[in-house]
Every structure is written in structure tokens, then in C-alpha cells.
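A look at the structure
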Amino acid sequence: MVHHSGSIQSFKQQKGMNISKSEMAKETSLKPSRRSLPCLVQSYTYSRSLSQSTSLFQSLESEGQAPTSTTSVSAGKTEQALGKDKDYMDESEHANYDRSRLINNSVCKDKSDSNPRVLPKNDMNYVASGGLLFKDGKKRIDYILVYRKSNIQYDKRKNFERNLRAEGLMLEKEPAVANPDIMFIKIHIPWETLCLYAERLNIRMPFRKKCYYTDRRSKSMGRVKKNFIKVKKWMPNNPMVIDKSALPDLQEADCYTGPFSRARIHHFTISNKNTFFSNATRSRIVYHVLQRTKYEDGTSKVGICKLINNGSYEAAFPPHEGAYESREPIKTHGPQNNRHLLYERWARWGMWYKHQPLDLIRRYFGEKIGLYFAWLGWYTGMLIPAAFVGLCVFFYGLLTMNTSQVSQEICAATEVFMCPLCDKNCSMQRLNDSCIYAKVTYLFDNGGTVFFAIFMAIWATVFLEFWKRRRSILTYAWDLIEWEEEEETLRPQFEAKYNKMETVNPITGKPEPQQPFSDKITRLVVSVSGIFFMAYEKIAYYLTNLEYPRTESEWENSFALKMFLFQFVNLNSSIFYIAFFLGRFVGHPGHYNKLFNRWRLEECHPSGCLIDLCLQMGVIMFLKQIWNNFMELGYPLIQNWWSRHKIKRETQDASIPQWENDWNLQPMNIHGLMDEYLEMVLQFGFTTIFVAAFPLAPLLALLNNIIEIRLDAYKFVTQWRRPLPARATDIGIWYGILEGIGILAVITNAFVIAITSDFIPRLVYEYKYGPCARQSDNSVNCLKGYVNNSLSFFDMNALHIGKSGYCRYRDYRNPPWSSKPYEFTLQYWHILAARLAFIIVFEHLVFAIKSFIAFLIPDIPKDINDRIRREKYLVQEMMYEAELEHLQQQRRKSGQPAHYEWP
């Protein structure tokens, strides 16, 4: 009795459960209605049947028994094997673990031990391992290392592989079929090692099916929902939704999870040891071991990445789950593996209109890549209303183009001559020669421009705020709410540079090198100042390394920010020049400003500078995106085609193993997802920053993204090696960059409307200088005479080109017969004041609306927040129930009377 009480007390302390003695006294029996928990009603029977079989795991409760024995045996065998120095020998180490510790579930028996080729019908995780096994046909391959036999770094590899075996991993070598110089090391992580590292890494694993608390209102809503489902059966299916019957049952998304513990292994739902840990989890654990295993003595001689950098290994990657194509149709024979399923239901071009199977993407590629495609899909979906409104603004300009007073006056100005655009041998042009340009300009500079600019500023805020809500839903569904990244190791460059000055890490409590504050500021200033003068990737590398970032994530964030700024300046410099500098400082005829007193500054077209800005935006949004997509897909296609061609030329053996096929694929970009995010974030900038000048930008972005999603999916599934299924809870530094672009978009659109377009000059003329300012006759067009009013006079005799008379130019200056010729008129100053006032009012209004919308939209939906709090409570209760059930099971074994109450 005392023993069990001590176990219970320690369990409570470990789980943080504050249960008073009075509360324990109330628990007289263990019934389904206990503590009014409806979830326990459904799960109680299952938990009892499970706990009857989990007593076999009691031998794992003592820390490290199995791994210790396995390590010693493996290490001994390793030393003998390495002494023989044979590259082709089978170096797999068979762990002598006790299979009686595994669950022999009476309902779902694990047949993999007796016959590994007999697989459960719907077991996608285990079916995926077909053909990806060790030579014994039982151990699945979790990771692949590749090296060349001609490489001289043998000692480093030998030490590294010996240490891997000491950590509990099993290794098997096999030469390549097409190239005998290439050697593959297949890595398998056994059950005991999986459990050990899952506990160390606090990996959350499922232990009970989810069910939710329902009150009277929700029950009534449930009845309404059932009636709605009945009605929906008679309606046609949504063609954009993927048929769920074609996808595997993603059960882990509907289970409560808790940090894995070998001492409380009986809490978890383990029907099959081969599928309890997913392939992604197994790969992450193996990579964790690979990154922290030494290959030489020394604090920095650690990790597979350094071994790849110094040439000891060629590559390290998790294998794909098989071929992505099958001779048999998927509708009749089902998917061969998750990769095949992803190709058929996601990566094929015929699926362009379908929603993405995010849960399956997350299962195969990990949460980090899953969040990228979730964000890309959300961004693409949000572009639909923006593209629709932009198209409406464009069609409004198209329909009213011929009725525009400004266009009519320009097209009718046959006797108005514009001043020459050069100093010598230039003929004068008639104003009506700009008729077509004036009409095209009106398409993008009409009454709907201001409205669309305000709409897009609000749209950017709504997009980001609702993405935060979408992200919170995904992190909840993917069980990332309480997940935190491990404390990162220091970069070796940082350690080597600042090893003389140390400080205590407040997280780990260990001393580590510290960068002096003055040194950090100096390097940061030099790095930031270099951003505004260059736009090259090598410079970004140099400046980032110059800062000596502390960890790899800090290095990646700093490099990503620099690459964004470089690309942003490089791509947008011409647009900013056209929008805000072209034609602004040219002077006037007879007194043009010249660069180095030699070259005249470029002037705008007689119809204005906005048409030049529109053309530049159209080229970038259309032609550049087509070129990017071609290069993005064309390069890996050509490289992979050449690899396949070499294989066919060097060997006649068609049975190439999966890991060798993966080796012949292209590795993922060296920067990971940075290039993918960078392309989309730059597009987001084009879509929002100058949208007032080009309303079709959201439409072109939408069309490009529909292609981009399937193009990226095709690359990930078919053209690239499988990346490490990394975990993440957000999109990282890119969210901050998107927020910065949203703020910049408000400012630039305000300046485009006020300075680049003729909206403000038309407005001032309409209410101050036009016919409507002197009379209130509604039949008079308020913009009548605007074109003549916006053109100034110049005496051509002052040019000394042999021509007399007056020519016109775009400006607000006094005529040559005035007492102060060619000085700015009062109307110029009125327009300038109106422009400044518009910028201030526009920015404050839009920023106020953005802030109000951000305040109204919570980051986490209320139902998700309530569900998270409810589940935390239920998890504690279920752990309480499972521990009680386990203790009662022990009492029955010992012959003591079992009661459904705490002993």
C-alpha cells in the first residue's frame, strides 16, 4: 500500500497535478461518469483493454537498460568489423532487445516480426518501407549517408560510425549499382533507441482519441449540423476539395498527445511498434543523433554537417518512400506509398484547382515545409478578392476611357505643339500624338485608383491577421502549441572568434563564448551599410559572416533579411525612380538641368509618367515571373535527366534501389525554403507597394501562384531528394518582413497617388480653378479646360533653333510675357500643399483602419483557445486515469484485491 502511494505521489509531482486530499477522498469509484468527463466515457473501455497488455513494458521503466546493453554489444562488434577494413561487408549490428517488451495487441497483432513482407492493408507508414529495408528484410532504412571510397577521410568516418553505433544506431553498407566508387550507409534506429531519444527530446505522442466537451447549445448545433449534412448529400460535391476517401486515415491528428516517457509507456496507444513513430519522427531523431555525434576529439569536431563540409561524406538524407508513379491506377489499386499519393493528389498539374492535402504534406515533409505550403495556399486564396477588385477597377477605366474629359481634350489638341525633348535637331510634336498613351494612362489613373489603394492596404492587414489565425489552427491541429525548439548549439566560427570571453547561458547554465556589444554594433553597422550599395549573393554571405551570428538560425535570419533587401533594392530601384524621380527635376525649356553639365535629365511622356510605371510593373509581374518559373523547374529537370542518362550508359541493371535513385536526384536548395519564401515575398511587395499604378498586379500574382503551388509540389515530390522533416511553429522572419512591406505599401501608394498620378492636380483644378469653381451648373463638366490649364507656355525664340512662336510643356509656370516669367504660379503651390495634405490624411486614415482591424481580429480563434485549455485539463485527467488503471493492474498481478479507487 505504501509502495503504491509513493508511486502515485511521484506521478503527481511529475505531471504537475495539484490534487488535494479532499478531492482524492471524493473519488470512491472509477466509473465512466467520473468527474463528469464525457471524453472518458468513450475511452474507458479501450484504456482498460490496452492497459492489460502494456504491463509487458515494465522492464523499460528503469532508465537505459535496453540501450545500454545494445550499445555495448554494438560497440564490440563495430571494433571487430572496422579492424577488417572491408567496404563491401555487411556492417549492420543486430540489437538483442527483448521482444516481450512489445505490445502483442489482441485486436491488431503485429505480424511484421514473423513475416516482414505481410503488411497491414491500410498501413501507409509500413507499406512505404517496402524496398527500403536492410538485407535481413526486417529493419527499415531511416537515413542514408553517402561517401566515396576514393575519399581519404577514412579515420573520421570510422570514428563517426563507431560512435553512431555506440549511440544505438544500426548501420549497413552497400555499394552503388551505377558507380562502384559510391558507397551508401543505411541507418536504422531500433525501438529502444527511438524510445530513449523520444523521451530526451520530449516528443509528444498520441495516447487517447480526442473527444470534446459539449453543452446543450452545442448539442442543438450538432442536430442542425446533422440536418445540414443530410441536405448537403443531395448537392453536388465541391470540385476543389480532395476526396478524403483517397487519403490515408491521419489518426494522430485526432488524438490527445503527451511527452513520451518510457516509464509511463503504458499510457500511449501502441498497436504496432513499426508505425507508432512516424517516418518523419524517426528521421528527425536520427538527424538529431547525427548532428551531435563526434568524429574527433575536440568541442567543435561534431556533426554530420561538418563532415559533409570537409568532404568526408558526400551527402546525408532521409530516403523517399518509394517511386512516385505506378503502373496501376490509384483509383482501383490504391496508393503505393505516401509519395505516390502526394504525386497523384497534389503534385500533378491536373490538381491545380484542388485544395492542398496539408496534413499529408506535413506528415511526409514535416511541419516547416507544411507551413510554407499552407502560407502559400492562404496567400493565393486571399489574392482572389484582390484580383477581382483590381479587375473591376481596370474594367471601369476601360469602359469610361472614351468618355474621359482629359483624354478627349488631348486627342482633340491638333494645334497644340509640345516643346522639343532635346536641344538640337528635334522636331516639335503635336499634343494629339499622345492620344493613345492618354487613354492607356486613364486605365490605371481614374476615380477607382484611390479606392483600390485603400482597399489593398486594408487587404494586406486582413491577410496577415487572418494568417495568424490560420497558423494557430494549424499549430493546434499539428500538435505544435507547446512545442519549443531545442537550445541551439553555437556556430564553430562564433566559438573560434570569441573563445577568450565567456558568459553563462541563462537557459543551459553553462559557460559559452560571448561577443562584445561594441564589436557586435560595429559589425552590424558595416553590414547594414553595405546593403544599400550592392545586390549580390556573395556580398550577402560575406556581410552575414562578418557579423559572426551566434547560432545557425540567427545566421539564416540575417542572411534572409539581407537577401530580401538586396533583391528588393535591385528589382524596385527602377520602379522607385520612375515613380518619384523621373521628370521631377528636369527644369524647363531654356533652363534644363543637366548631369555634369552635359546630359539632360530624362523627361516624362506628354501624357505623364504613370504610363512608364505601368509598363515597368507589367514587365516585372508577367515576364519575370514566367522566367523565374522556367528556371525554377528547368534546372532540376535537366540535371536529373542527365543523371538518368549517365546511369543508363554505365549500367544495364534496371533494378536501381530507392536510395540510389534518391542520390541521383537534386538536393534541396542550399538555403532551404529561403529561396521559395523570397520569391513570394518579393511578389507580395510588387502586389501591394505600387498597386495604385497597376491594378492588375493581384491578378497576375494569382495566376502565377496557382502555377507556383503545383510547380513547387512537383519539385519536392519528384525532382528533389527528400528534405529533413523539420518542425516549426511559424514562417520565421518572413512574417516581420511582410508586415514591413504592408507599412511601406501604405506610404508608397500615398505618394504614387499624390505625386505620380494626376489625381491631385485634377482635384485642385476641379474645385479651385475649373468651371465648377465659378458656377454651380451641374451640366458643365468640372474638368473642362484642364489640359490647357496644366500646360505652360515657352517662347521658342529663346532656343535659337530658327523657330518662332510658343510651345507648351507640362508644368505650372508663368508665361514668358509675365512680369516674372517662368516662375511657379500660385496654382503650383496650391497643388503642392494639396499633395502633402493628401499624403498625411491618407496615411493616417489607412493606418488607423489597419490598426482597428488588427485589434478586432484575435490571433487565436476563441473556440481554439477554449479547446486548448480544455484539452490541457483533460490530458491531466486522462494521465490520472491511466496511472490508476496501471496500478490496479499491478495489484491484480501481485494477488492483492483491486478496487477502482486510489489505494
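**Some points on the overall build of the protein chain**
Per the secondary structure count, the protein chain includes 32 helices and 16 strands. Taking all 903 residues of the protein chain together, 49% fall into the buried category. A sequence separation of at least 24 residues applies to 74% of the contacts in the protein chain between residues at least 6 apart. Element-wise, carbon and sulfur atoms account for 57% of the exposed surface of the protein chain, whose accessible area totals about 44900 Å².

**Considerations on the packing of aromatic side chains**
In this structure the tally under the stated criterion is 50 aromatic pairs. Centroid distance W346 to F373: 4.8 Å. Interplanar angle 80 degrees. Geometry classified as edge-to-face. Residue W346 is found in helix α13 (residues 338-347), and its partner F373 is found in helix α15 (residues 367-399); the two are separated by 27 residues along the sequence. Overall, F373 belongs to the buried group, its relative accessible area being 0%. An angle of 75 degrees between the planes, with centres 5.5 Å apart, marks the rings of F373 and F716 as edge-to-face. Here F373 is found in helix α15, whereas its partner F716 is found in helix α26 (residues 697-719), with 343 residues between them in sequence. There is no split in this pair, since F373 and F716 are both buried. Sitting over the ring of F134, K186 keeps its end group 5.9 Å from the ring centre. Sitting over the ring of Y364, R722 keeps its end group 3.9 Å from the ring centre.

**So, the pattern of salt bridges**
Inspection of the entire model under this criterion finds 22 salt bridges. Across the pair E161 and K173 runs a salt bridge, and its minimum N-O distance is 3.6 Å. With E161 in helix α6 (residues 154-166) and K173 in strand β2 (residues 170-175), this residue pair connects regions lying 12 residues apart in the sequence. What makes K173 buried here is its relative accessible area of 5%. A salt bridge links K468 to E465; its shortest N-O distance comes to 3.4 Å. With K468 and E465 both in helix α18 (residues 448-477) and 3 residues apart, this pair spans about one turn of that helix. The class of E465 is buried, set by a relative accessible area of 7%.

**So, the sheet that holds strand β6 (residues 315-317)**
A sheet is described by the order of its strands in space; here 4 strands give the open sequence β2-β3-β1-β6, paired in antiparallel fashion. Of all the strands in the sheet, the pair left with one neighbour each is β2 and β6. The sheet shows a mean angle of 20 degrees between the axes of neighbouring strands, direction not considered. Pairing geometry for strand β1 (residues 143-148) and β6, over 3 bridges, is antiparallel. Its bridge partner lying in β6, V146 is registered against A315. Seen against the sheet, helix α10 (residues 279-291) touches β1 and β3 (182-188) and runs at an angle of roughly 45 degrees to β1.

**Focus on the side chain of T380**
Mapped onto the secondary structure, T380 falls in helix α15. Taking the relative accessible area as the measure of exposure, T380 reaches 8% and is therefore buried. Apart from residues lying up to four places away in sequence, T380 is in contact with L702, N705, I706 and I709.

**Looking at the confidence of the model for the protein chain**
On average, residues of the protein chain score 76 in pLDDT, and 75% of them are at 70 or above. Low pLDDT, under 50, characterises residues 1-130; the stretch is placed with 219 contacts to residues that sit more than four places away or in other chains.

**Observations regarding the packing of helix α28 (residues 759-769) against helix α31 (residues 826-856)**
The interhelical angle for the contact between α28 and α31, taken along N-to-C directions, is 120 degrees, at an axis separation of 9 Å. Classed by the angle they form, the pair α28 and α31 counts as oblique. Of the two elements, α28 crosses α31, and the hand of that crossing is right-handed. Listed contacts from α31 to F759, I760, P761, V764, Y765, K768 and Y769 of α28 are L826, Q827, H830, I831, A834, R835 and F838.

**Focus on the pairing of strand β5 (residues 255-259)**
Among the 5 residues that make up β5, 4 are buried, leaving the element largely enclosed by the rest of the structure. Two elements, strand β4 (residues 204-209) and β5, share 5 bridges in a ladder whose sense is antiparallel. From the neighbouring strand, R204 faces β5, where its bridge partner is P259.

**Description of a nonpolar patch on the surface**
A surface patch of nonpolar side chains, amounting to about 770 Å² of accessible area, comprises Y577, F581, F585, L595, F596, W599 and L601. For L595, the location among the structural elements is in strand β13 (residues 594-595). Residue L595 is classed as partly exposed on the basis of its relative accessible area, which comes to 44%.

**Describing the packing of helix α25 (residues 674-689) against α26**
The interhelical angle for the contact between α25 and α26, taken along N-to-C directions, is 170 degrees, at an axis separation of 10 Å. Of the possible angle classes, the one that applies to α25 and α26 is roughly antiparallel. Taken together, the residues of α26 that come into contact with α25 (itself represented by E676, E679, M680, Q683, F686 and T687) are A697, P698, A701, N704, N705, E708, D712 and K715. Looking at the contact of α25 with α26, its residues break down into 5 nonpolar, 4 polar and 5 charged.

**Some remarks on α6**
Between its terminal C-alpha atoms α6 stretches 18 Å, which fits the 18 Å expected from 13 residues at 1.5 Å a residue. Taken together, the buried positions of α6 are K156, R157, F160, E161, L164 and R165. Projected down its long axis, α6 carries its buried residues within an arc of 165 degrees, all on one side. The positive-phi residue at the C-terminal boundary of α6 is G168, with phi of around 105 degrees.

**Quick look at a positive patch on the surface**
On the surface, R223, K226, K230 and K233 cluster together to form a positively charged patch. Given a relative accessible area of 57%, K226 falls into the exposed group.

**Some remarks on the environment of Q356**
Here Q356 shows up in the loop between α13 and α14 (358-365). Separated by 18 residues in sequence, Q356 and A374 have C-alpha atoms that sit 8.1 Å apart. Dropping the residues within four chain positions of it, Q356 is found in contact with I242, W346, I361, F373, G377, I709 and R710. Polar contacts involving the side chain of Q356 include one to the side chain of W346, which spans 3.1 Å.

**A short note on unusual backbone geometry**
You will see that N202, though not glycine, has its phi angle at about 55 degrees, which is positive. By the element assignment, N202 lies in the loop between α7 (191-200) and β4. Not every positive phi belongs to a glycine, and D479 is a case in point at roughly 60 degrees. Tracing the backbone through its elements, the reader meets D479 in the loop between α18 and α19 (492-497).

**Observations concerning the environment of K306**
Assignment of secondary structure puts K306 in helix α11 (residues 304-309). Taking the C-alpha atoms as reference points, K306 and Q291, 15 residues apart in sequence, are found 8.9 Å from one another.

**As for the nonpolar core**
W375 and W734 are the most contacted members of the largest nonpolar core, which has 132 residues in total. When residues in this core are grouped by element, the largest group, 15 residues, is from α15. Setting aside residues no more than four positions away along its own chain, W734 makes contact with A560, F564, M674, Y677, L678 and V681. Membership of the second largest hydrophobic core comes to 39 residues, among which are Y143, L171, Y256 and Y295.

Conventions adopted
- Residues numbered from 1 in each chain as written.
- Predicted model: local features only at pLDDT ≥ 70, side-chain atom pairs only at ≥ 80, totals over all residues.
- Heavy atoms only, no water.
- Helix = DSSP H or I, 4+ residues; strand = E, 2+ residues; numbered from the N terminus.
- Buried < 20%, exposed > 50% of the residue type's maximum accessible area, 1.4 Å probe, protein only.
- Contact = heavy atoms within 4.5 Å.
- Areas by Shrake-Rupley, 256 points an atom, 1.4 Å probe, with all protein chains shown as cover.
- Phe/Tyr/Trp six-rings, centres within 6.5 Å; stacked < 30°, edge-to-face > 60°.
- Lys NZ or Arg CZ within 6 Å of the ring centre and 35° of its normal.
- Salt bridge = Lys/Arg side-chain N within 4 Å of Asp/Glu carboxyl O.
- Pairing = 2+ DSSP bridges.
- Axes fitted to C-alpha atoms, helices over the stretch in contact; angles between N-to-C directions.
- pLDDT = per-residue confidence, 0-100.
- Parallel < 35°, antiparallel > 145°, perpendicular 65-115°, else oblique.
- Left-handed = near helix turned anticlockwise from the far one by under 90°.
- Patch = residues over 30% accessible without salt bridge, like charges linked within 9 Å, V, L, I, M, F, W, Y side chains within 5 Å.
- Nonpolar A, V, L, I, M, F, W, Y, C, P; charged D, E, K, R; others polar.
- Expected span 1.5 Å × (residues − 1).
- Arc of directions from axis to C-beta.
- Lys, Arg positive; Asp, Glu negative; His and termini not counted.
- Charge placed at Lys NZ, Arg CZ, Asp CG, Glu CD.
- Polar contact = N/O pair within 3.5 Å; in protein donor to acceptor, adjacent residues only side chain to side chain.
- Core = buried A, V, L, I, M, F, W, Y, C linked by side-chain atoms within 4.5 Å.

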